[in-house]
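So you can see what is in the structure, the chains are spelled out below.
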Amino acid sequence: MPNNTQNSLLIAVDFDGTIVENKYPKIGKEQLFAFSTLKKLQGAGHRLILWTVRNGKQLEEAIAYCEKNGITFYAINSTYPEEQFSEKISRKIVADIFIDDRNIGGFIGWGAVHQLLFKETPAETPKKTIFKKWFK
């Protein structure tokens, strides 16, 4: 697993419908395995970006909810923390992986995300992962 930013992945994660059930503007119930998978990704050295349409008070509530559940994001709605946006450029962020409920076919669920990225079920001991395959 990567232990530094040179080998870590940038992973953009949506909030409503992905980390929690979509009850916007309220905060829905946590999706099964969401925080355990996010913590494992961070523990492996990957940088998580909160990528959401929320802003203002609703964004602050989402950030606080995630922090209460043990997740502090590398960046919020940006590719890196210091990024400044101008109205003259696109607000599109750059990430290696996007986890979002608006994918074609909808959100596959955190259990499936965990299995795809770690090649194991959430409760198993780590085995060879997609990251180890990429960063031999």
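Here's a quick rundown of the structure.

Next up on the list: helix α3 (residues 110-118). Those residues of α3 not exposed but buried are W110, G111, V113, H114, L117 and F118. Axial view of α3: buried residues confined to an arc of 160°, hence all on one face. At the exit of α3 stands K119, carrying a positive phi of roughly 55°.

A separate point is the sheet that holds strand β2 (residues 47-50). An order of β3-β2-β1-β4 is seen for the four strands of this open sheet, with the pairing classed as parallel. Edge positions in the sheet fall to β3 (75-76) and β4 (97-99), since each of these pairs with one other strand and no more. Strand direction decides the pairing type here: strand β1 (residues 10-13) and β4, joined by three bridges, are parallel. Residue pairing for β4: A12 is matched across the bridge by F98.

Moving on: the pairing of β2. Strand residues, when the strand is regular, have side chains that alternate between the two faces of the sheet. Here β2 shows no split at all, with R47 and I49 on one side and L48 and L50 on the other all buried. With four bridges joining them, β1 and β2 adopt parallel strand pairing. Within the sheet, the bridge partner assigned to L10 lies in β2 and is R47. Regarding the hand of the β-α-β motif, the stretch spanning β1, helix α1 (residues 34-43) and β2 is right-handed. Sheet topology note: the β2/β3 ladder contains two bridges and is parallel. Bridging across to β3, I49 finds its partner in A75. Each parallel crossover has a hand, and the one from β2 via helix α2 (residues 56-68) to β3 is right-handed.

Further remarks concern the packing of aromatic side chains. Each aromatic ring pair is characterised by the separation of its centres together with the angle its planes make. Overall, the coordinates contain four aromatic pairs when judged by the stated rule. For the pair F15 and Y65, a centre-to-centre distance of 6.2 Å together with 80° between the ring planes defines the contact as edge-to-face. With F15 in the loop between β1 and α1 and Y65 in helix α2, this residue pair connects regions lying 50 residues apart in the sequence. Overall, F15 belongs to the buried group, its relative accessible area being 0%. Consider the rings of F107 and W110, whose centres lie 5.7 Å apart with planes at 65°: the pair is edge-to-face.

Each value, and the rule that gives it
Residues numbered from 1 in each chain as written. Predicted model: local features only at pLDDT ≥ 70, side-chain atom pairs only at ≥ 80, totals over all residues. Heavy atoms only, no water. Buried < 20%, exposed > 50% of the residue type's maximum accessible area, 1.4 Å probe, protein only. Helix = DSSP H or I, 4+ residues; strand = E, 2+ residues; numbered from the N terminus. Arc of directions from axis to C-beta. Pairing = 2+ DSSP bridges. Right-handed = clockwise from strand over helix to strand, strands pointing away. Phe/Tyr/Trp six-rings, centres within 6.5 Å; stacked < 30°, edge-to-face > 60°.

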